[in-house]
Amino acid sequence: MAETFRVGLLGHGTVGSAFAELLAERADAIVPVTGLRPEISGVLTRSRGSFEEVLSGSDLIVELMGGLEPARDYVLRAMRAGRHVVSANKQLLAAHGEELSACAREHGVQLRFEGAVAGVVPVIRVLQESLAAAHVERIHGIVNGTTNYILTEMAARGLTYDQALEQAKELGYAEADPTDDVTGRDAAAKMAILARLAFSTPVHLDQVVYEGIEHLTADDIEYAKELGLGLKLIGTAERVDGGISVRVHPAFLYAGHPLASVHGPFNAVTVESETITEVTLSGPGAGGPQTASAVLGDVISAMIPPASGVGGNDISEALPVVNDVESAFYLHMEVADRPGVLAQVAELLGMQGASIRSVVQKGLGENARLVLVLHPLLESRFYAAVRLIGQLDFIRSAPRAIRVIDEEFT
Ligand SMILES: NC(=O)c1ccc[n+]([C@@H]2O[C@H](COP(=O)([O-])OP(=O)(O)OC[C@H]3O[C@@H](n4cnc5c(N)ncnc54)[C@H](OP(=O)(O)O)[C@@H]3O)[C@@H](O)[C@H]2O)c1
């Protein structure tokens, strides 16, 4: 009879209850892998259990409560008491990752958090272990399933943002209050966690610049299709000029980019490095059973001695965060159709060093559209040109700009 491995569970909601169920279902299969039989030894919710009792009766703590406090306090106390901790709490890891990892290292325990980023997609483990020897240059991620679902529906069926959001709520892909998802804040927390692991540098959520999808129109998506582009909410973490840039914003992708074919509520992450060229991982990004599967994977790893990945990647010096980076752009202008429009726009762009990759011109009279895709240039220079273009007398409304990721791996 295998010895029992006691798992204390903090939180018994969507993920917590799915985790408890999965653990009971898989316990027999885990015995031959670990030599131990895991079982839930205690549960804490708002209405039942006490943290002290759950802690004292456990060999490992799984935190699935969410929020910053008391989750942070409980996780720190568990590690100080010598317990490995598994969590899926992205806000906690993004806000207090350094403190928690330092505590894990100090006390020789593991802190695992695969479920915190991209659900069941094993990107944390890949960065910490499989790609530990690769010098990661860049990560692009679709790390929020709600927004990817909304953008997929806008593109495939011509829905407005509001219609697609309503549909996402009806199908359970968006919460009643979707603010964190649609503003990009949820994706920003996940990108902070990934950047920290990829570049071994402290990255706090406050350092991640983010923009959401609420202002996007079906019109932009329609025009971009003609240029072979698809729209996604993309998180980017990359090395630039001796520092790093971590950001989340809507971006157009060409069909040859691995993230271009990731549709609906799926998540995917692309890791780029000179040694490995490009590796893409994709799969379901959220959901109780899916996230529970990632959490149980972490628990199994922590059960197997000797401990691997204690405390996560070591953090080296703080790299400066760079905010003005190079990007290609899509620029959509409503213009009066008269001779010389394109030439004047091109001149203002040219003065900032921008060159045009492709052009679509539509319509006649006062309602013509001019849509350009530009080769990469510094964002500050691009927006300087856009400010001047907005003042031209033939421009009918504020020009709309969306970034373009112009890499393809075909
Ligand atoms: N849902 C997903 O698809 C998903 C995907 C990836 C990651 N996550 C992460 O997983 C974590 C849990 O998410 P969830 O969707 O399962 O949340 P949830 O359904 O709201 O469940 C939260 C659980 O934690 C308990 N809890 C909350 N605050 C507490 C406190 N102060 N003291 C004691 N218990 C407390 C709640 O107790 P009561 O039952 O008494 O209310 C509930 O059982 C979050 O960090 C979330 O970001 C979720």
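Here, the structure is the one placed above.
Counting restarts for each chain: residues are numbered from 1 in the order of the written sequence. Only residues with pLDDT of 70 or above have their local features reported here, since the model is predicted, and side-chain atom pairs are shown and tallied only from 80 upward, although totals for entire chains, interfaces and linings are computed over all residues. Remark: hydrogens and water are excluded; side-chain values derive from all non-hydrogen atoms of the structure.

A. A look at the site of the ligand. If a single non-hydrogen atom of a residue is within 4 Å of a molecule or strand, that residue counts as near it. Within the structure, the ligand sits among 19 residues, and H12, T14, V15, R46 and G287 are positioned closest to it. In the environment of the ligand, an oxygen atom lies 2.8 Å from a nitrogen or oxygen atom belonging to the backbone of H12. Polar contacts, as counted here, are pairs of nitrogen or oxygen atoms within 3.5 Å of one another; within protein the pair requires one atom able to donate a hydrogen and one able to accept it, and residues that are adjacent in sequence qualify only if both atoms are side-chain atoms. One of the backbone N or O atoms of G13 is found 3.2 Å from an oxygen atom in the ligand. Out of a free accessible area of 910 Å², the ligand has 72% covered by protein chains. Lining residues are defined by having an atom within 4 Å of a point belonging to a cavity or pocket. Those points lie on a 1 Å grid over the protein atoms alone, cavities being sets where a 1.4 Å probe fits but cannot get out and pockets being open sets with protein on both sides within 12 Å along at least five of seven lines. Throughout, a molecule is located in a cavity or pocket provided that more than half of its atoms lie within 2 Å of its grid points. When atom positions are compared with the pocket grids, the ligand is found to occupy the largest pocket. Polar here means any residue outside two lists: the nonpolar Ala, Val, Leu, Ile, Met, Phe, Trp, Tyr, Cys and Pro, and the charged Asp, Glu, Lys and Arg; Gly therefore counts as polar. Partitioning the shell around the ligand into residue classes produces six nonpolar, 11 polar and two charged. For accessible areas, the Shrake-Rupley method is used with a probe of radius 1.4 Å. Any residue's cover is judged against the shown protein chains and nothing else.

B. Broad picture of helix α1 (residues 14–34). Approximately 60° is the largest bend angle found in α1, and it occurs at A27. Along α1, the positions that sit buried rather than exposed are G16, A18, F19, A20, L22, L23, A27, I30, V31 and T34. Elements are defined by DSSP. Helices are runs of H or I of four residues or more, strands are runs of E of two residues or more, and each kind is numbered from the N terminus. Backbone geometry just downstream of α1 places G35 in the positive-phi region, at approximately 80°. In this scheme, the bend at a residue equals the angle between the axes fitted to the seven residues that finish there and the seven that begin there. Classification of residues uses two cut-offs on accessible area relative to the type maximum, computed with a 1.4 Å probe and protein chains only: under 20% is buried, over 50% is exposed, and between them is partly exposed.

C. Examining the sheet that holds strand β3 (residues 60–63) more closely. One open sheet accounts for five strands, arranged β2-β1-β3-β4-β5; its pairing is parallel. Pairing within the sheet leaves two strands with one partner each, and these edge strands are β2 (36–44) and β5 (111–112). Paired strands are those between which DSSP finds at least two bridges. Relative to β2, strand β1 (residues 3–10) runs parallel, the two being bridged by eight bridges. Note on β2: the bridge partner recorded for L9 is V43. Packing of α1 onto the sheet brings it into contact with β1, β2 and β3, and relative to β2 it is tilted by some 160°. Two residues form a contact once any of their heavy atoms are found within 4.5 Å. Only the contacting stretch of a helix is used when fitting its axis, a line to C-alpha atoms as for every element, and angles between N-to-C directions run 0 to 180 degrees.

D. Representation of the side chain of S101. Residue position: S101 is located in helix α4 (residues 90–107). A distance of 2.9 Å separates a polar atom in the side chain of S101 from a polar atom in the side chain of R196.

E. Up close: the pattern of salt bridges. Every case where a carboxyl oxygen of Asp or Glu lies within 4 Å of a side-chain nitrogen of Lys or Arg is listed as a salt bridge. On inspection of all chains with the given rule, the structure shows 27 salt bridges. The salt bridge involving E98 is made with R196; its shortest N-O contact spans 2.4 Å. Of this pair, E98 sits in helix α4 while R196 sits in helix α9 (residues 185–199), placing them 98 residues apart in sequence. Using a relative accessible area of 25% as the deciding quantity, one classes E98 as partly exposed. Owing to a relative accessible area of 5%, R196 belongs among the buried residues under this scheme. We note a salt bridge from R403 to E379, for which the minimum N-O separation is 2.9 Å. Residue R403 is found in strand β15 (residues 400–405), and its partner E379 is found in helix α13 (residues 379–389); the two are separated by 24 residues along the sequence. For the residue pair R403 and E379, the accessibility class agrees, reading buried in each case.

F. Just the nonpolar core, in detail. Think of a nonpolar core as a cluster: buried Ala, Val, Leu, Ile, Met, Phe, Trp, Tyr and Cys residues, connected wherever their side-chain atoms sit within 4.5 Å. The biggest cluster of nonpolar side chains holds 86 residues, and the ones touching the most others in it are M79, L111, V117, L127, I139, I150 and L194. Tallying contributions element by element places α9 first for this core, with 11 residues. Leaving out residues up to four positions away in the same chain, V117 has contacts with V123, I124, V143, K190, I193 and L194.

G. View of the pairing of strand β13 (residues 356–362). One ladder, built from six bridges, connects β13 with strand β14 (residues 368–378); its direction is antiparallel. Residue pairing across strands places K362 opposite R369, the latter belonging to β14. If you look at the hairpin formed by β13 and β14, you'll find five residues sitting between the two strands, and G363 has a positive phi there, around 85°.

H. Examining unusual backbone geometry more closely. In this model, E69 is joined to P70 through a cis peptide bond whose omega is 10°. As for its placement among the helices and strands, P70 is situated in the loop between β3 and α3 (71–80). Here A118, not a glycine, exhibits a phi torsion of approximately 60°, which is positive.

I. A look at α13. Listed as buried for α13 are E379, F382, A384, A385, V386 and I389. The secondary structure elements touched by the buried residues of α13 are β9 (243–254), β12 (326–335), α12 (341–351), β14 and β15.

J. Examining the packing of aromatic side chains more closely. In this analysis, rings of Phe, Tyr and Trp, with Trp reduced to its six-membered ring, are considered paired at centre separations within 6.5 Å, and the interplanar angle assigns stacked below 30 degrees, edge-to-face beyond 60, and tilted for intermediate values. Under the definition given, this model contains six aromatic pairs. Measuring from centroid to centroid gives 4.2 Å for F51 and Y74, while their planes differ by 5°, and the two rings are stacked. With F51 in helix α2 (residues 51–56) and Y74 in helix α3, this residue pair connects regions lying 23 residues apart in the sequence. Taken individually, F51 and Y74 each receive the classification buried, so the pair is uniform in this respect. With a centroid separation of 4.6 Å and an interplanar angle of 50°, the aromatic rings of F252 and Y330 are classed as tilted. A residue pair is termed long-range when its members are at least 10 positions apart, and F252 in strand β9 and Y330 in strand β12 qualify at 78 residues. In this structure, F252 and Y330 share a single accessibility class: buried.

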